[in-house]
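Architecture at a glance
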Amino acid sequence: DAGITQSPRHKVTETGTPVTLRCHQTENHRYMYWYRQDPGHGLRLIHYSYGVKDTDKGEVSDGYSVSRSKTEDFLLTLESATSSQTSVYFCATGTDNQPQHFGDGTRLSIL
Amino acid sequence: EDQVTQSPEALRLQEGESSSLNCSYTVSGLRGLFWYRQDPGKGPEFLFTLYSAGEEKEKERLKATLTKKESFLHITAPKPEDSATYLCAVIHTGANSKLTFGKGITLSVRP
């Protein structure tokens, strides 16, 4: 158990509203990642962090922002949610030369 | 750009019927190939890491192998509890620990 907690686990919201998803880890891992998982696409990287206040974009970063002010917390924000952002979002953590470990996901529906 | 292709998309086996899942990859400078298992409603769970061609790893009924172009996950005498989606991912040198995932293979084992 990599000690990853995602919150909320489920959320339904409306188009145009801001949404923030939280990932909390207890393992003090350097790297943290946000993915989305959609049928037919698999897991795709949105943003990742390689240290406090150090973040970078993944392959599907448009419409998303992230922040990491503490080692243990990594926030994903949808500034103005759209229906295309309905998905299951996974947080993962990792260290150099070690495999990533994943949380159990947040199911987000945008109506 | 790293590419990972998994086949078949879905596989149905009878309990005890051995088979293999394929993961083909194109990557410049492979640093590692990872296999994960994902159960419905859960995050991916790490199974194996393979680093170089010829390497093999085993865990219970699963054995992962690696060549320069592909990896196989061999399942010997599967049981219904082996039913899950199996994900393959690669990381290349200089990727800052970013993984590229395949779309996954959904395995169903009938009793």
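What follows covers the overall build of chain B. When its secondary structure is counted, chain B shows zero helices and eleven strands. Starting at the N terminus, the α and β elements of chain B follow one another as β-β-β-β-β-β-β-β-β-β-β. For chain B, the C-alpha radius of gyration of 13 Å lies close to 13 Å, the compact-globule estimate for 111 residues. Along the first, second and third principal axes, the C-alpha atoms of chain B reach 45 × 30 × 20 Å. For chain B, buried positions account for 44% of its 111 residues. The long-range share in chain B, meaning contacts at least 24 apart out of those at least 6 apart in sequence, stands at 55%. Split by element, the accessible area of chain B, about 5500 Å² in all, is 47% carbon and sulfur. Charged side chains in chain B number 14 positive and 14 negative. The centres of these two groups are separated by 3 Å.

Residues and elements named next belong to chain A. Applying the stated criterion across every chain, the model contains nine salt bridges over all chains. Put simply, lysine 70 and aspartate 73 hold a salt bridge, and the shortest N to O gap is 3.4 Å. The partly exposed category is assigned to lysine 70, whose relative accessible area is 42%. The network of salt bridges with shared partners includes Arg22, Lys70 and Asp73.

Under the defined criterion, the tally for this structure stands at two disulfides over all chains. Paired through a disulfide, cysteine 23 of chain A and cysteine 91 of chain A show a sulfur-sulfur distance of 1.9 Å. Linking cysteine 23 of chain A and cysteine 91 of chain A, the disulfide has an S-S dihedral of approximately -70° and is accordingly described as left-handed. With cysteine 23 of chain A in strand β3 (residues 19–25) and cysteine 91 of chain A in strand β9 (residues 87–94), this residue pair connects regions lying 68 residues apart in the sequence. Exposure remark for cysteine 23 of chain A: the relative accessible area of 0% places this residue in the buried category. Sulfur-sulfur distance for the disulfide between cysteine 23 of chain B and cysteine 88 of chain B comes to 1.9 Å. Looking along the S-S bond of the cysteine 23 of chain B-cysteine 88 of chain B disulfide, the torsion reads about -65°, which is the left-handed sense. Linking cysteine 23 of chain B in strand β3 (residues 19–26) with cysteine 88 of chain B in strand β9 (residues 84–92), this pair joins segments that are 65 residues apart in sequence. Taken individually, cysteine 23 of chain B and cysteine 88 of chain B each receive the classification buried, so the pair is uniform in this respect.

Turning our attention to the side chain of asparagine 22 of chain B. Residues and elements named next belong to chain B. In this structure, asparagine 22 sits in strand β3. Note on asparagine 22: relative accessible area 10%, which makes it buried. Here glutamate 70 takes part through its side chain, which lies 2.9 Å from a polar atom of the side chain of asparagine 22. Those residues in contact with asparagine 22 that lie beyond four places of it in its chain are Thr5, Gln6, Ser7, Trp35, Glu70, Ser71, Phe72 and Ile105.

Our focus in this paragraph is the sheet that holds strand β1 (residues 4–7) of chain A. Residues and elements named next belong to chain A. If you trace the four strands from one edge of the open sheet to the other, you get β1-β3-β8-β7, paired in antiparallel fashion. Two strands bound the open sheet, and with one partner strand each, they are β1 and β7 (64–70). The sheet shows a mean angle of 20° between the axes of neighbouring strands, direction not considered.

Criteria and cut-off values
Residues numbered from 1 in each chain as written. Chains lettered and ligands numbered in written order. Predicted model: local features only at pLDDT ≥ 70, side-chain atom pairs only at ≥ 80, totals over all residues. Heavy atoms only, no water. Helix = DSSP H or I, 4+ residues; strand = E, 2+ residues; numbered from the N terminus. Rg over C-alpha atoms; globule rule 2.2 N^0.38 Å. Buried < 20%, exposed > 50% of the residue type's maximum accessible area, 1.4 Å probe, protein only. Contact = heavy atoms within 4.5 Å. Areas by Shrake-Rupley, 256 points an atom, 1.4 Å probe, with all protein chains shown as cover. Lys, Arg positive; Asp, Glu negative; His and termini not counted. Charge placed at Lys NZ, Arg CZ, Asp CG, Glu CD. Salt bridge = Lys/Arg side-chain N within 4 Å of Asp/Glu carboxyl O. Disulfide = S-S within 2.5 Å. Polar contact = N/O pair within 3.5 Å; in protein donor to acceptor, adjacent residues only side chain to side chain. Pairing = 2+ DSSP bridges. Axes fitted to C-alpha atoms, helices over the stretch in contact; angles between N-to-C directions.

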